[in-house]
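Residue strings, one per chain:
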Amino acid sequence: MIARRKNLALRGAALALCLAAASCGGEDGGSAPPTGGGSPSPSPSPTATPSPTPAPAASPAPRNPFLAASNWPIFHANAYATASANTGPGAVETAQVVDALTRPLAPAYVSPWTVFGSRYADGSQPVLTTPNNGVAKYLIASDSLRTVDFLPLERNVTDFDWALLVRANGDAVVTERLGNNIVLVGDARPGDPLSPLAVRRRIAVDPAVHGRLLAHHSLAYDGTLIVRTDANRLIAVDLDAGRVIAGFDLPSDSGASFQNSFPIDETGRIFVAAQNLAVAVDWTGSVFRLAWRAPYDMRGPGCEDVPPDRSREEEARAVALGLPCTGTGTTPTLIGSPESGIFVIVDGHQPRNNLVAFWRGEPPADWTPLPDPARPGQFLDRRVAGVLALPYSTPDGEGFTAQNSPAAFGNAVIIAQWAGFNPDATPPTGVQRVDWLPQQRRLSLVWANPSILFNGVPSIGCSAGVCMTYGAGRYGSRYAYTSLDLATGAETGRVDLGTDDRVLDQGNGHAIADDGSIIFAGKRTLIRVR
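Here goes a summary of the coordinates provided. Quantities reported herein were computed from a predicted structural model and do not represent experimental measurements.

Below, the discussion takes up the overall build of the protein. Across its full length, the protein holds three helices and 32 strands. Within the protein, buried positions represent 60% of all 530 residues. Relative to all contacts within the protein whose residues are 6 or more apart in sequence, the contacts with residues 24 or more apart total 58%. Surface summary for the protein: the accessible area is close to 18,500 Å², and the carbon and sulfur share equals 53%.

Written out as structure tokens, the structure is:
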């Protein structure tokens, strides 16, 4: 208990810095990163044969023609939020670290999302990030990652203007929460790889009508921008006309508070998770319609005293402190087809977080409600397709409720333990693969590797017929980047990133470029791994 209180105090100090500057550092330890690969320790045996490793030719998600023609034009790679691609570096071998572009003397540099525009005519590819005070542009050109330009925006650095995507026309879509604007940013000289950035348009959103913008938006398959606001409201924005064209109030009669981002499928269905509810909303191209709602307690037993409508500020504080009862911090990840597929999230139950699956469309006609594993004698909503306790995802001890969303390729799902914004020299570790078995209609644990830390959103990439999963973590005083075999969970490669906490991954996305290299944001750097 004394150790727990000490760690909470440390986290509290880190939180003060996080909320003031949106940037947290790590402590210094003494040990070197583990160098061994080998096989992971034994994991619970599935009761049925798991599905095979997905074929590299499979598509992670149907392509949205209104997003840039790149591997990773939006957070989590695509509209399905799978964080996966048909390319990758294979076993990682080397890394390049460049200083992050930001306004001079800015107190913060945090860009959870890294995205890519379409390649230029010379084959180079633009890299875009959105630190708290503007938009930064980098360029992948052959063997180099170079800085190009930083465009300051009208932002308060504590507002976390993190939403970021790139349209097919090359414009990046970001926000200025200070003025409640959606901002379109593009090359001042279209087609020039070294062009500086310029603001193309600002679209004002009336906070009195729609609420204030949050760091969550995505692009529907008809090109409409879908945005969530702090009024528990979805709005549809016509980016070409420059105006809000529709709005929808998410169900909040049960006290539901919607904290996370959301995927959209090709039918226009949007999937949103709250702390006590999962919701599907259909975008028709002109109006929103509620498709379904399913209650599910994301916080878990023992959290009955936590108000279901706890404010976002209180929720963020609890998450940063590593407190239990923070529910889900993950974006839903879509698997399969709109008719028979599922989406998965990670809840915040103790002592182990669960991977939870919901039917995207109507449940099978013969589907019966599953027993509630947390409450003997009770049953879950009929839309819950599966619940599996994760061996290495916990808010207990030194752990944190999962904020790093699952990655998926085919029916394979990767989930990693999150060690918080400020992992110490001995952070909690663990990565696992869970498969959705569509014929058996259940989740199955395939492997669990207890020794690896992926502190950001895991990525999955395939190269030369082999799929791997990737992430960064801290080991003693050093930081390292690791690749694991998707089929077995065995370590295939490791790159030492040194001791400088400027490379610290605080929970960010790891984007796979068209050339297969991976780029992610450190605390004050951008790192390219190959």
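With that settled, consider the pairing of strand S28 (residues 478–485). The buried fraction of S28 amounts to seven of the eight residues, a majority that puts the element mostly inside the structure. Summarising the sheet, strand S27 (residues 466–475) and S28 pair through eight bridges and their orientation is antiparallel. If you follow Tyr 470 over to S28, its bridge partner there is Ser 483. The hairpin formed by S27 and S28 contains two residues between the paired strands, and Gly 476 there has a positive phi angle of roughly 65°. As paired elements, S28 and strand S29 (residues 491–498) share six bridges and run antiparallel to each other. Residue pairing across strands places Ser 483 opposite Gly 493, the latter belonging to S29.

Here the focus is the nonpolar core. Judged by nonpolar contacts, the single largest core of 84 residues is most densely connected at Tyr 138, Ile 182, Leu 225, Leu 239 and Tyr 481. In terms of residue count, the dominant contributor to this core is S27 (five residues). Residues contacting Tyr 481, with those up to four places away along its chain left out, are Val 92, Tyr 470, Gly 471, Ala 472, Gly 493, Arg 494, Val 495, Leu 497, His 510, Ile 518, Phe 520 and Val 529.

Time to look at the pattern of salt bridges. Going through the model one piece at a time under the given rule, you end up with 23 salt bridges. Where Arg 530 meets Asp 143, a salt bridge forms, and the shortest distance between an N and an O atom there is 3.2 Å. Separated by 387 residues along the polypeptide, Arg 530 in the segment after strand S32 (525–529) and Asp 143 in the loop between strand S5 (134–141) and strand S6 (144–152) bring together distant segments of the chain. By relative accessible area, which is 33% here, Arg 530 ends up partly exposed. Of the residues examined, Asp 143 reaches a relative accessible area of 56% and is grouped as exposed. When the shortest N-O distance is used, the salt bridge between Arg 233 and Asp 249 registers 2.8 Å. One end of the pair, Arg 233, is in strand S13 (residues 233–238); the other, Asp 249, is in strand S14 (residues 243–249), with 16 residues separating them in the sequence. By relative accessible area, which is 14% here, Arg 233 ends up buried. Each member of the salt-bridge network shares a partner with another, and the members are Asp 99, Asp 500 and Arg 502.

Applying the stated criterion across every chain yields a total of twelve aromatic pairs. Ring centres 5.8 Å apart and planes at 45° place the aromatic pair Phe 75 and Trp 113 in the tilted group. Here Phe 75 is found in the loop between helix H1 (2–21) and strand S1 (84–85), whereas its partner Trp 113 is found in the loop between strand S2 (95–99) and strand S3 (114–116), with 38 residues between them in sequence. Using a relative accessible area of 15% as the deciding quantity, one classes Trp 113 as buried. One aromatic cluster is present, formed by Phe 271, Trp 292, Tyr 296, Phe 343 and Phe 358 through successive ring pairs. Its guanidinium or amino end placed over the ring of Tyr 475, Arg 494 lies 4.6 Å from that ring's centre, counting from NZ or CZ.

This paragraph deals with the sheet that holds S13. Taken together, the four strands give an open sheet; going across it, the order is S11-S12-S13-S14, and neighbouring strands pair in antiparallel fashion. Strands with a single pairing partner mark the edges of an open sheet, and in this sheet they are strand S11 (213–219) and S14. Each strand of the sheet is rotated relative to its neighbour by a mean of 25°, with strand direction disregarded. Of the pairings in the sheet, the one linking S11 to strand S12 (residues 225–229) comprises four bridges and is antiparallel in character. Opposite Leu 213, over in S12, you have Thr 229 as the bridge partner.

Strand order in the open sheet formed by four strands is S18-S19-S20-S21, with antiparallel pairing between adjacent strands. Pairing within the sheet leaves two strands with one partner each, and these edge strands are strand S18 (333–335) and strand S21 (384–389). Adjacent strand axes in the sheet meet at a mean angle of 25° when their direction is disregarded.

Our focus in this paragraph is unusual backbone geometry. Geometrically, the link from Gln 350 to Pro 351 is a cis peptide bond, its omega value of -5° lying close to zero. Topologically, Pro 351 is positioned in the loop between strand S19 (342–346) and strand S20 (354–359). The phi dihedral of His 76 is positive, around 60°, even though this residue is not glycine. For His 76, a relative accessible area of 4% translates into the label buried.

Both faces of strand S31 (residues 518–521) are covered, namely the face carrying Ile 518 and Phe 520 and the face carrying Ile 519 and Ala 521. Relative to S31, strand S30 (residues 511–512) is paired through two bridges, and the arrangement is antiparallel. The residue of S31 that forms the bridge with Ala 511 is Ile 519. A loop of five residues connects S30 with S31, the two strands running antiparallel in sequence, and Gly 516 in this loop sits at a positive phi of about 95°.

Residue placement: Thr 94 occurs in the loop between S1 and S2. Its relative accessible area of 38% is what places Thr 94 among the partly exposed residues. C-alpha of Thr 94 to C-alpha of Arg 530: the two residues are 436 residues apart in sequence and 5.4 Å apart in space. Thr 94 has contacts with Val 495, Arg 528, Val 529 and Arg 530, leaving out every residue within four places of it along the chain.

Calculation rules
- Residues numbered from 1 in each chain as written.
- Predicted model: local features only at pLDDT ≥ 70, side-chain atom pairs only at ≥ 80, totals over all residues.
- Heavy atoms only, no water.
- Helix = DSSP H or I, 4+ residues; strand = E, 2+ residues; numbered from the N terminus.
- Buried < 20%, exposed > 50% of the residue type's maximum accessible area, 1.4 Å probe, protein only.
- Contact = heavy atoms within 4.5 Å.
- Areas by Shrake-Rupley, 256 points an atom, 1.4 Å probe, with all protein chains shown as cover.
- Pairing = 2+ DSSP bridges.
- Core = buried A, V, L, I, M, F, W, Y, C linked by side-chain atoms within 4.5 Å.
- Salt bridge = Lys/Arg side-chain N within 4 Å of Asp/Glu carboxyl O.
- Phe/Tyr/Trp six-rings, centres within 6.5 Å; stacked < 30°, edge-to-face > 60°.
- Lys NZ or Arg CZ within 6 Å of the ring centre and 35° of its normal.
- Axes fitted to C-alpha atoms, helices over the stretch in contact; angles between N-to-C directions.

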